[in-house]
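# Structure assessment
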Amino acid sequence: MRSGATDEDHTLRVALLSPDEVPQFVYFPHPGTVVSIVRSTVSGQMVETGVVGGEGFLNVQTLLAGPAPTRSEAIVQNEGRLTRIPADNVRELFNEHLAFRSATLGYTSVFLDQVTQNLVCNRLHPIEQRLAKWLLVMRDRVATDELHLTQEFLAYMLGVHRPGVSIAVNALETDGLIRHRRNHIELRDRAGVAERSCECYPPLHDKLLEFVASLS
């Protein structure tokens, strides 16, 4: 089978998928590249439902359920390279190769756990805890303490108003856990950020490590 794979470099904020689009490709981020899956309301409010890094692919629905709009938008959160493969080719691979099917189903479990945990987190936990969790989730995927983020985009991802994000960022920075500059956040004390995070982060982190270890 010919994969039809194409490697592409994408910059920040590029939209790979739109809500009404029937996806024709499955995207596999390379290590360090991160894509946010977001949902928007008719009023324009946006909230992130999950992130995809080098551990996975987007999107799960296209591969498992067939061609149909996902009603989600996929936005490049940390720029880098992705491999793009026609969805029909990936479905063929999924149906014919046990190892790939097993890895795909394992990742699907990881991603759905993340989406479910985010629903709980967005509903119940304070902004500062959610911000700390989100920074750690990003750190797990980019493997660096340097994150290129704006407060405006953080507000979109967390589904809150920008002043709330500013207060949370300032609280973490005042305690020496992060350093914030324009379009940039540096994690200076990962353990301290983890202590300020909500209870949602440890199970997400452990599940990700368990899945990655299963691939080796």
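All of the points below concern the structure found in this document. Computed from a prediction, not measured in an experiment: that's the story for all the values here. (Residues numbered from 1 in each chain as written. Predicted model: local features only at pLDDT ≥ 70, side-chain atom pairs only at ≥ 80, totals over all residues. Heavy atoms only, no water.)

Between helix α4 (residues 127-142) and helix α6 (residues 162-174), the least distance of the axes is 9 Å, while the angle of their chain directions is 70°. Between α4 and α6, the interaxial angle falls into the category roughly perpendicular. Counted together, I127, E128, L131 and L135 of α4 and G164, A168, V169, A171 and L172 of α6 form the full contact between these two elements. Considering only residue class, the contact of α4 with α6 consists of seven nonpolar, one polar and one charged. (Axes fitted to C-alpha atoms, helices over the stretch in contact; angles between N-to-C directions. Helix = DSSP H or I, 4+ residues; strand = E, 2+ residues; numbered from the N terminus. Parallel < 35°, antiparallel > 145°, perpendicular 65-115°, else oblique. Contact = heavy atoms within 4.5 Å. Nonpolar A, V, L, I, M, F, W, Y, C, P; charged D, E, K, R; others polar.)

Inspection of the entire model under this criterion finds 10 salt bridges. For D9, the salt bridge identified is with R81, shortest N-O distance 2.8 Å. Placement of D9 in strand β1 (residues 6-10) and of R81 in strand β7 (residues 80-86) is noted, with a sequence separation of 72 residues between them. Its relative accessible area of 53% is what places D9 among the exposed residues. For R81, a relative accessible area of 36% puts it in the partly exposed group. Of the charged contacts in the structure, one is a salt bridge between D175 and R196, with a shortest N-O distance of 2.7 Å. Of this pair, D175 sits in the loop between α6 and β9 (178-181) while R196 sits in helix α7 (residues 190-196), and the two are 21 residues apart along the sequence. When salt bridges with common partners are traced through the structure, they connect E128, D175 and R196 into a single cluster. (Salt bridge = Lys/Arg side-chain N within 4 Å of Asp/Glu carboxyl O. Buried < 20%, exposed > 50% of the residue type's maximum accessible area, 1.4 Å probe, protein only.)

When the terminal C-alpha atoms of α4 are compared, their 22 Å separation across 16 residues agrees well with the 22 Å that a helix rising 1.5 Å per residue should span. R130, L131, A132, K133, W134, L135, L136, V137, M138, R141 and V142 are the residues of α4 that are buried. One or two positions beyond α4, positive phi appears at A143, with a value near 60°. (Expected span 1.5 Å × (residues − 1).)

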